[in-house]
Every structure is written in structure tokens, then in C-alpha cells.
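Architecture at a glance
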Amino acid sequence: MSENIQRKIRSFVMRTSKMTPGQKRAIEEILPQFALDEQQKFDAKKIFGNSNPVCLDIGFGNGESLVHIAQMQPDVNFVGMEVHTPGVGHLLLQIEKYNIKNIRIYQYDGTEVLKDCFGDDSIDAMHIYFPDPWHKKRHHKRRLIQDAFLEMVMPKLKEQARMHIATDWQQYAEHIQEVFSRFLQFKNIEAGNNFTAKPEWRPITKFERRGINLGHDSYDLVYYLNKT
Ligand SMILES: C[S@@+](CC[C@H](N)C(=O)[O-])C[C@H]1O[C@@H](n2cnc3c(N)ncnc32)[C@H](O)[C@@H]1O
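Nothing here was measured: the structure is a model prediction, and the numbers come from that model. (Residues numbered from 1 in each chain as written. Predicted model: local features only at pLDDT ≥ 70, side-chain atom pairs only at ≥ 80, totals over all residues. Heavy atoms only, no water.)

Bringing the state of the cysteines into the picture now. In total, this model carries zero disulfides according to the counting rule given. With no disulfide of its own, C117 lies 17 Å from the sulfur of C55, the closest cysteine sulfur. The buried category is assigned to C117, whose relative accessible area is 1%. (Disulfide = S-S within 2.5 Å. Buried < 20%, exposed > 50% of the residue type's maximum accessible area, 1.4 Å probe, protein only.)

Okay, structure coming up:
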């Protein structure tokens, strides 16, 4: 186990964007029905009332891709994690609009929630779409995907759990490949630890669209966990 496991990964900055009146109402009135408590153990059966697979979305932004995927996969329990309050408000308005039942939300640091609330073998899949790339070298330690993160999440993932990551920052994509190459338990679905084509069911996210307009490519990586 690396020494950094004890060190907190602070992968986000708290942005202070203003909320729209709709988002404000959503946080006040709708969030209590969908919010999960970061002080309590995650118990999927109790929370969702079923034994469906559990898929996390860490850093869902405004939640548009999470909503899209959750609507297409009603038999999966989705748990979104996001610290940006207007984004949470935006997601809640969509949950209300489309009457979505299979999403719950941690408005909290996903790494902390994972560490403290999730038990071993409790997660079937994890989506991490366009995590903050932390371009500057001195900020690389703030990247979400790093050895300490994989060491922490690995026991919590079920055998054959899927991790799907996408980024539009080539150097971060290469960093992710490098990190995973140190964990032989994670098998890339592509030969040579390579990038894969964007699956049709993953919508283009708001953040990704911004990158496309700047001429960035997107890089998808999919790994399956083989613990044995
Ligand atoms: C670049 S945005 C991408 C948002 C979205 N996935 C998309 O593709 O549009 C990254 C998001 O991750 C969130 N984030 C970063 N680290 C996080 C953490 N540890 N826990 C929860 N959210 C986090 C940030 O607040 C931000 O909204």
C-alpha cells in the first residue's frame, strides 16, 4: 500500500457560482428526498429497495449525462457525487422533470464518501467523466485518478466491476493509463492498455462539448476488475 493512502486527495475547488431560482428551490425542496448522508454506511437495498447493480458517477457536473444514462438503464441504481451546489440543483431539476427514481446524490467529496461509507464488494461500476485535469505539474497530486485512489476503491468494487473514465486532456489520459498499468488487477478492454471508442450510450457531456469547441479530442478508457 502506498504511503499516500493516508493523504487526502483534494481533487476539486469549491466554485462559488450563483444558483438560479430553480436550482435554489431544488436544493431546498427536492434534495432531501434524494440526498444520501455522508455520515452513514451506504446500504443499497435500504436506499433503493432493490438489489440492482450500483453504479457511481464521481463529479457529475450538471448531471446531464448521469440523467441520460439513468433513464436508459432503469434497472441500475445510480449514485452521483458532486460538490458544486448549482450542479446538484441542475441535476435535481432534471430528476423532477423526468420523474427519475434510480438516482441518489452525495453532495460531498466523493473520495471521502467512498472511503467512509462504502463497504467491500458494494460497487458494480464507476463512471468518472472529465475529471478536473489539473494541468500544472505542481497540481498533479490533486488529480482524482492516482495510485492512492485505486488502492482505496479496489476493495469496494465487486469482482468484474467496470471503471469507465473519459477525459479530453491527452496528458491526463496518458497519466490514467500509466496509473492503471501499475494495477494488474484492472484489465483494459482494449489490447495494449489502449483508449476505446466512446460507447454510444455515453452522451457528450457539457464539459466535453466545451473541449470539442476548443479542438480537443476525447479519450475513453474502460477497465474491468479481476481480483483473483
Ligand atoms: C470538469 S467537471 C466535469 C463534470 C461532468 N462529469 C461533465 O463531464 O460535464 C469535474 C467535476 O468534478 C467535480 N469533482 C471533482 N472532484 C470531486 C470529488 N472528489 N467529489 C465530488 N465531485 C468532484 C467538480 O466539482 C466538477 O464539477
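What follows is about the sheet that holds strand β3 (residues 103-106). In space, the seven strands of this open sheet follow the order β3-β2-β1-β4-β5-β7-β6, with mixed pairing throughout. Taken across any chain shown, the strands that pair with only one partner, and hence form the sheet edges, are β3 and β6 (186-188). Neighbour to neighbour, the strand axes of the sheet diverge by 20° on average, direction disregarded. Two strands pair when backbone bridges link them, and strand β5 (residues 157-167) and strand β7 (residues 219-225) are joined in this way by six bridges, in the antiparallel orientation. When the bridges of β7 are listed, T167 appears paired with Y219. Against the sheet, helix α7 (residues 170-181) engages β5, β6 and β7, with an angle of about 15° to β7. (Pairing = 2+ DSSP bridges. Helix = DSSP H or I, 4+ residues; strand = E, 2+ residues; numbered from the N terminus. Axes fitted to C-alpha atoms, helices over the stretch in contact; angles between N-to-C directions. Contact = heavy atoms within 4.5 Å.)

Take the layout of surface pockets next. Considered as a void within the structure, the largest pocket measures approximately 990 Å³ in volume. Sorting the residues of the lining of the largest pocket by element identifies β1 (54-58), α3 (64-72), α4 (85-98), α5 (110-117) and α8 (206-213) as the ones contributing at least two each. Of the residues belonging to the lining of the largest pocket, the class tally is 17 nonpolar, 17 polar and nine charged. Its boundaries defined by the atoms lining it, the second largest pocket holds a volume of some 160 Å³. Along its surface, the second largest pocket is lined by K8, I9, R10, F12, M14, V83, Q107, Y108, D109 and E112. Class assignment of the residues belonging to the lining of the second largest pocket gives a composition of five nonpolar, one polar and four charged. (1 Å grid on protein atoms, 1.4 Å probe; cavity = no way out; pocket = protein on both sides within 12 Å on 5 of 7 lines; lining within 4 Å. Points joined across faces, edges and corners; volume = space filled by probe spheres on them. Nonpolar A, V, L, I, M, F, W, Y, C, P; charged D, E, K, R; others polar.)

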